Amino acid sequence: QVRLVESGGGSVQTGGSLRLSCAGSGYTYSSNKAAWFRQAPGKEREGVAALWFGVGSTYYADSVKGRFTISRDITKNTIYLQMNSLKPEDTAMYYCAAENARGSWYLPQMYKYWGQGTQVTVSS
């Protein structure tokens, strides 16, 4: 069974850092896009960052450019989201997603597989 196993969430003060991980289990990341999304209570799910393995391209929401970095470790079959200079508005449930073959990176419906979510809370 395909699983994306997330870890690394937690609580941190403004300006702190967290590193989220998403390991494939029963799944090997392909050349297609993988991404991180987040969803705060009462808000729609939004794209945070994505990686197109096939062309080596990365994509970021304007709100996180310069603060967040998406990466992969092919030997561990894992993607990461390094989050620095965290702000209270970054507080949300974060989800990893995989297997977007052709669609725009920021569209949740384009992804086949999803992690269970990991909570990130940033306090003032």
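Counting restarts for each chain, with residues numbered from 1 along the sequence as it is written. Local features in this predicted model are restricted to residues of pLDDT 70 or higher, and side-chain atom pairs are both shown and tallied only at a pLDDT of 80 or more, whereas totals for entire chains, interfaces and linings draw on every residue. In computing side-chain values, all of the structure's heavy atoms are included and hydrogens and water are not.

### Focus: the environment of V120
Counting from the N terminus, the helices are DSSP H or I runs at least four residues long and the strands are E runs at least two residues long. Position of V120 relative to the elements: it lies in strand 11 (residues 118–123). Sequence separation between V120 and E99 is 21 residues, and the spatial gap between their C-alpha atoms is 24 Å. We call two residues in contact whenever any of their non-hydrogen atoms come within 4.5 Å of each other. Leave out the neighbours within four places in its chain, and V120 touches G9, G10, L18, L20, M83, D90, T91, A92 and Y94.

### Some remarks on the sheet that holds strand 1 (residues 3–7)
In a beta sheet, neighbouring strands are held together by backbone hydrogen bonds and run either parallel or antiparallel to one another. Strands sit in the order 1-3-8-7 across an open sheet of 4 strands; the sheet is antiparallel. Lying at the two open borders of the sheet, with one neighbouring strand each, are strand 1 and strand 7 (68–73). Neighbour-to-neighbour, the strand axes of this sheet turn through a mean angle of 20 degrees, independent of strand direction. Here strand 7 pairs with strand 8 (residues 78–83) via 6 bridges, running antiparallel. Following the sheet pairing, I70 is matched in strand 8 by L81. Two strands qualify as a pair provided that DSSP identifies no fewer than 2 bridges between them. Axis lines are fitted through C-alpha atoms, for helices just across the contact stretch, and the angle between N-to-C directions can take any value from 0 to 180 degrees.

### Observations regarding the packing of aromatic side chains
Only centres within 6.5 Å qualify two rings of Phe, Tyr or Trp (six-membered ring in Trp) as a pair; their planes then separate them into stacked at under 30 degrees, edge-to-face at over 60, and tilted for everything else. Scanning the entire structure with this criterion turns up 8 aromatic pairs. Both rings, one in Y59 and one in W105, keep their centres 6.2 Å apart while their planes meet at 15 degrees; by these two values the pair is stacked. With Y59 in strand 6 (residues 57–60) and W105 in the loop between strand 9 (92–100) and strand 10 (113–114), this pair connects stretches of sequence that are 46 residues apart. Accessible area is worked out with a 1.4 Å probe on protein chains only. A residue is then buried under 20% of its type maximum, exposed over 50%, and partly exposed in between. Given the relative accessible area of 23%, Y59 is considered partly exposed. Ring plane angle 70 degrees and centroid distance 6.2 Å describe the contact between Y111 and W114, whose orientation is recorded as edge-to-face. A relative accessible area of 5% places Y111 in the buried class. Placement of a positive charge over a ring is assigned whenever Lys NZ or Arg CZ falls within 6 Å of the ring centre and within 35 degrees of the normal to the ring plane. We note R45 situated over the ring of Y95; from NZ or CZ to the ring centre the distance is 4.1 Å. R45 extends its terminal NZ or CZ atom over the ring of W114, reaching a point 4.9 Å from the ring centre.

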